[in-house]
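Remarks on the overall topology
Here is what each chain is made of, one letter per residue.
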Amino acid sequence: STQSRSSAASDVYKRQYEYSAGVLIITKEKEEYKVVVKVNYNTLTASEVKVNENTVNFLVYIEGGKVQVSLQVKDDLIQGTADSNEGSFSLKGKKK
């Protein structure tokens, strides 16, 4: 029905808003990169981290759902996408 569809769309929008701002911490220990995402009062540790020149790819689980993140770094700007079962979302950020 239309009502349940709009309610589901509203739920997706609320979740997008909850995760619309956060901090991404990328560290290198020996030869291994680690990614931690701080968002919505949660700290999430990424898995399957791959860094290749100016790209960073990793996997993170949010509310039990798998999210594949792909980022490109150019100077101080970071942009890319997060792909989940609920769709693909653009990400933008700035290095500190």
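**As for the pairing of strand β5 (residues 55-62)**
Strand direction decides the pairing type here: strand β4 (residues 47-52) and β5, joined by four bridges, are antiparallel. Paired with Ser-47 across the strands is Leu-59, a residue of β5. The turn linking β4 back onto β5 is made up of two residues, and Glu-53 within it adopts a positive phi angle of 50°. Here β5 hands over to strand β6 (residues 65-74) after two residues, with Glu-63 in that stretch at a positive phi of 50°.

**Re the confidence of the model for the protein chain**
With 79% of its residues at a pLDDT of 70 or more, the protein chain has an overall mean of 79. Of all helices and strands in the protein chain, the one with the weakest mean pLDDT is helix α1 (residues 2-18) (43), whereas β4 scores best (94). Confidence drops under a pLDDT of 50 for residues 1-18, and excluding neighbours within four residues, the segment shows seven contacts in the predicted structure.

**Focus: a nonpolar patch on the surface**
There is a patch of nonpolar side chains on the surface, built from Leu-24, Ile-26, Tyr-33 and Val-51 and spanning about 270 Å² of accessible area. On the secondary structure map, Tyr-33 appears in strand β2 (residues 32-39). Accessibility expressed as a relative area gives 30% for Tyr-33, which makes it partly exposed.

**Here's the deal with the pattern of salt bridges**
Enumeration over the complete set of coordinates arrives at one salt bridge. The partner of Glu-32 in a salt bridge is Lys-34, with the nearest N and O atoms 3.6 Å apart. On the basis of relative accessibility, which here comes to 48%, the residue Glu-32 falls in the partly exposed class. When its relative accessible area of 35% is taken as the criterion, Lys-34 is described as partly exposed.

**So, unusual backbone geometry**
With a phi close to 55°, Lys-30 is a non-glycine residue in the positive phi region. Residue placement: Lys-30 occurs in the loop between β1 (22-29) and β2. Not every positive phi belongs to a glycine, and Asp-75 is a case in point at roughly 55°. Overall, the relative accessible area of 63% leaves Asp-75 in the exposed class.

What counts as what
- Residues numbered from 1 in each chain as written.
- Predicted model: local features only at pLDDT ≥ 70, side-chain atom pairs only at ≥ 80, totals over all residues.
- Heavy atoms only, no water.
- Pairing = 2+ DSSP bridges.
- Helix = DSSP H or I, 4+ residues; strand = E, 2+ residues; numbered from the N terminus.
- pLDDT = per-residue confidence, 0-100.
- Contact = heavy atoms within 4.5 Å.
- Patch = residues over 30% accessible without salt bridge, like charges linked within 9 Å, V, L, I, M, F, W, Y side chains within 5 Å.
- Areas by Shrake-Rupley, 256 points an atom, 1.4 Å probe, with all protein chains shown as cover.
- Salt bridge = Lys/Arg side-chain N within 4 Å of Asp/Glu carboxyl O.
- Buried < 20%, exposed > 50% of the residue type's maximum accessible area, 1.4 Å probe, protein only.

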